[in-house]
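This is what each chain is made of:
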Amino acid sequence: MTMKKSVRWAVVEFLAILFVQFFVMKFIIMELGIAALGVWSVLMSAAQIAGFLGMGTAAGAGRFLSIAHSRNNIEDIESILSTIVYGTIPLYALLSVILYFPISYGLTFVLHSDALMQGQALIGWALLSFVAQTISASFASSLTSVHLGYRKSQISIMGMVIQAILSVVLIKRQGLEGLALAQVSNYVFLIILALFSLRKELGLRLGRLLHWNGDHFRVVILFGLKVQATSIAWTGFEMSIRFIMARFGGIGAVGLYEIAYKVASQPRIFMFFIGQNIAPVLAGAWGQDKEAFYAFYKQTYARLVSFGLLTIVGILVASPLVSYIMLGRIEPLFLLFSALTACGTAMHIAAIPSELAAIAIGVLKYNIRGTATAVAAMLLCGTVFGFFFQDIGVAVAVLISSCLAATTPIYFGHRAFALPLLPRFRSDLDLRNLFRNLLNSKRN
C-alpha cells in the first residue's frame, strides 16, 4: 500500500514540476526574452561542474538508509544522514567559492557581449542555486530511501508552488536574480520540511546529525563515488550540449533548444519516477528467481520501447502548440529541435530497463560506458557539426550521442542476459494482464 501511495504521489509530483517549470520558462521569455533563458541555462550547466568534484557525498546515502530502515536502526539512519551535514554541505559550499573565477573565465568562450556581462554578474546566484538544490535533494531523497516517498512528493509539490509564486513576483523586480532567489527559497523549504518529516515519522533526533561517524562516512563516500560515475558523465553530456550550442548556434538557439529539450525529456523523467519502484523488483527477483527476473525484464523492456515510440508521435504532434504557447509563433527551428530530441528521448526510455537491471545485479560498467561514450561523441560530433552546420549540426550531434548512450547498455546487457535486442511485442507485452492489472489497481 505504501509503495502504491508513493507511486501515485510521484505522478502528481511529476505533473506539478512539469507545469511549474514550463510556467516559469514562459514567464521568463515574456518578461526577459528568450536570450535570458539561454543565459540562465548556460549558467546552471556551468554550476554543475561542482557535481563533478563532489566525491559522491550526495549520491551514496540512499542504499545505506534503506538497509538501516529495514533493520529499524534509528541510530544508523542518524549517522548516515550526518554524512550529508559533514560531507555534502561544506564540500559544495567550498567548491562554489573555488569555481567562481574559473567559470567566469570559461563563459568568455561561449557567451558574448551583453550575454557575457549578464552571465558573469549572475555566476554567484547560479552557484548558490545549484548548491542549495544538491543539499535539498540529498535530504529529500532520504525520505524515499526510508519508504516515505509519498511525503517527499508532497513536500516537493508545495515547494514548487512556492517557487512559482516567488518567480512571478521576483523576476519582475530583479530579473534572473529573482529567479535564483525563488529557486533557493524552494530548496530551503524542502530541507526544512524533509528534516521535520524524518523527525516526526521516524523519531529522528536532529541533534544527532551533528555527530561525526568516520566509518559510515567512508563507506557512504566510497559507494557514492561508484554511483556518481554515471551521473557525472550524464551531467557532462548535458553541460556540453549547452556550451557547444551557445558557441556555434548563439544564445538564442540555446533558449530554443532548452525548451525543446525540456519538453522531450519529460517522458524520460516520468519513467524515472516510476523506475524508482521497478529497480527493487528487479533486484529482489535476481536474488531469488532468475526466471521471474527475465520475465519481468522482458515485459518492462517491451512496454518501455512501446512507450518510447508513442513519445515520438506525441512530441511531434504537440510541438507546434508548444511553440505557439512558449514563443507566440510556430518556429521551424524549434520544431526541428523537438523532432530530434524526441527521437533521442525514445532511445533513452528504451534503455531504462537495461540500466536498472545493471544496478539491480551490481554491474554498472555498461551504464558508465554508455554515458562516457555519449560525452565523447558530443564533444567530437558537436564541435565538427556545429562548425559546419551551426545550431542544427549541434542538435544532430545530440541525437547521435543520445543513441550511443542508450544502445550501449542495451547491447551489452542483452548480450550478457542472452536476450534479443528487439522485444517480441506480442508475447512480451502481455497486454491482457497489463489491462487486468490496471483495472485491479483502479478498484483498489
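As the structure is a computational prediction, the values presented were derived from the model and not from experiment.

Criteria and cut-off values
- Residues numbered from 1 in each chain as written.
- Predicted model: local features only at pLDDT ≥ 70, side-chain atom pairs only at ≥ 80, totals over all residues.
- Heavy atoms only, no water.
- Helix = DSSP H or I, 4+ residues; strand = E, 2+ residues; numbered from the N terminus.
- Contact = heavy atoms within 4.5 Å.
- Salt bridge = Lys/Arg side-chain N within 4 Å of Asp/Glu carboxyl O.
- Buried < 20%, exposed > 50% of the residue type's maximum accessible area, 1.4 Å probe, protein only.
- 1 Å grid on protein atoms, 1.4 Å probe; cavity = no way out; pocket = protein on both sides within 12 Å on 5 of 7 lines; lining within 4 Å.
- Points joined across faces, edges and corners; volume = space filled by probe spheres on them.
- Nonpolar A, V, L, I, M, F, W, Y, C, P; charged D, E, K, R; others polar.
- Expected span 1.5 Å × (residues − 1).
- Polar contact = N/O pair within 3.5 Å; in protein donor to acceptor, adjacent residues only side chain to side chain.
- Phe/Tyr/Trp six-rings, centres within 6.5 Å; stacked < 30°, edge-to-face > 60°.
- Core = buried A, V, L, I, M, F, W, Y, C linked by side-chain atoms within 4.5 Å.

S.K.: What exactly am I supposed to notice about the overall build of the protein chain here?
M.R.: When helices and strands are tallied, the protein chain shows 17 helices and 0 strands. Across the protein chain, contacts joining residues at least 24 apart in sequence account for 81% of those joining residues at least 6 apart.

S.K.: Sorry if this is basic, but what is going on with the pattern of salt bridges here?
M.R.: Once the charged atoms of two side chains with opposite charge are near each other, the side chains can pair. A complete count under the given rule lists 4 salt bridges for this structure. A salt bridge links R329 to E331; the nearest nitrogen and oxygen atoms lie 3.2 Å apart. Note on R329: relative accessible area 42%, which makes it partly exposed. Judged by its relative accessible area of 17%, E331 is buried.

S.K.: What's the story with the side chain of S323 in this structure? I'm lost.
M.R.: On the secondary structure map, S323 appears in helix α13 (residues 290–327). Residue class for S323 comes out buried when judged on its relative accessible area of 0%. Beyond its immediate sequence surroundings of up to four residues, S323 is in contact with G328, R329, I330, E331 and F334.

S.K.: Explain the environment of F248 to me, please; I cannot follow it from the model alone.
M.R.: Take F248: it is sitting in helix α11 (residues 214–249). Overall, the relative accessible area of 21% leaves F248 in the partly exposed class. Sequence spacing of F248 and I392 is 144 residues, and the spatial spacing of their C-alpha atoms is 9.5 Å. In contact with F248, not counting residues within four places along its chain, are G382, T383, G386, F387, Q390, D391 and V394.

S.K.: How should empty space enclosed by the protein be read in this particular structure?
M.R.: To find the voids left in a structure, one rolls a probe of water-molecule size over its atoms. Following the criterion strictly, the structure yields 3 cavities of 30 Å³ or more and no others. Estimated volume of the largest cavity: approximately 90 Å³. Along its surface, the largest cavity is lined by 14 residues, and Y261, T341, G344, T345 and S402 are the ones closest to its centre. Mapped onto the lining of the largest cavity, the elements with two or more residues apiece are α12 (251–288), α14 (332–361) and α15 (365–417). Considering only residue class, the lining of the largest cavity consists of 7 nonpolar, 6 polar and 1 charged.

S.K.: Hey, could you run me through unusual backbone geometry in this one?
M.R.: Note: most peptide bonds trans; most residues except glycine with negative phi. Of note in the backbone geometry, Q390 takes a positive phi value of approximately 55 degrees without being a glycine. For Q390, the location among the structural elements is in helix α15.

S.K.: Hey, could you run me through helix α2 (residues 34–47) in this one?
M.R.: Residue pairs spaced three or four apart in an α-helix point in one direction, given the helix's 3.6 residues per turn. The end-to-end C-alpha separation of α2 is 20 Å, in line with the 20 Å expected for 14 residues at 1.5 Å each. Most of α2 sits out of view: 12 of its 14 residues are buried. Turning to α2, its buried residues are A36, L37, G38, V39, W40, S41, V42, L43, M44, S45, A46 and A47.

S.K.: Sorry, what's going on with the environment of T108 here?
M.R.: For T108, the position within the fold is in the loop between α6 (100–106) and α7 (113–121). As for T108 and G119, which are separated by 11 residues in sequence, their C-alpha atoms are 9.6 Å apart. Discounting residues that sit within four places of it in the chain, T108 has contacts with L116 and Q120. A polar contact of 2.5 Å, which involves the side chain of T108, links it to the backbone oxygen of Y105.

S.K.: Mind showing me how you'd approach the packing of aromatic side chains here?
M.R.: For any pair of aromatic rings, the description consists of the separation of the ring centres together with the inter-plane angle of the planes. Per the stated rule, a full pass over the model turns up 12 aromatic pairs. Ring plane angle 15 degrees and centroid distance 6.1 Å describe the contact between F19 and F23, whose orientation is recorded as stacked. Pair noted here: F19 and F23 are both in helix α1 (residues 2–32), with a separation of 4 residues, about one helical turn. Ring centres of Y366 and F412 lie 5.1 Å apart, and the angle between their planes is 15 degrees; on these two criteria the pair is classed as stacked. Classification of F412 as buried rests on a relative accessible area of 18%. The rings of F19, F23 and F27 are connected pair by pair, giving a single aromatic cluster.

S.K.: I would appreciate a short explanation of the nonpolar core in the present structure.
M.R.: Note that soluble globular proteins tend to have their nonpolar side chains buried in a common cluster. Of all hydrophobic cores here, the largest spans 98 residues; its most connected members are L107, F237 and I259. Among the elements that take part in this core, helix α10 (residues 176–202) stands out by supplying 12 residues, more than any other. Once residues lying within four places of it in the same chain are set aside, the contact partners of F237 are Y261, A374, V375, M378, V398, S401 and S402. Grouped together as the second largest cluster of nonpolar side chains are 11 residues, V305, A357, F417 and L419 included.

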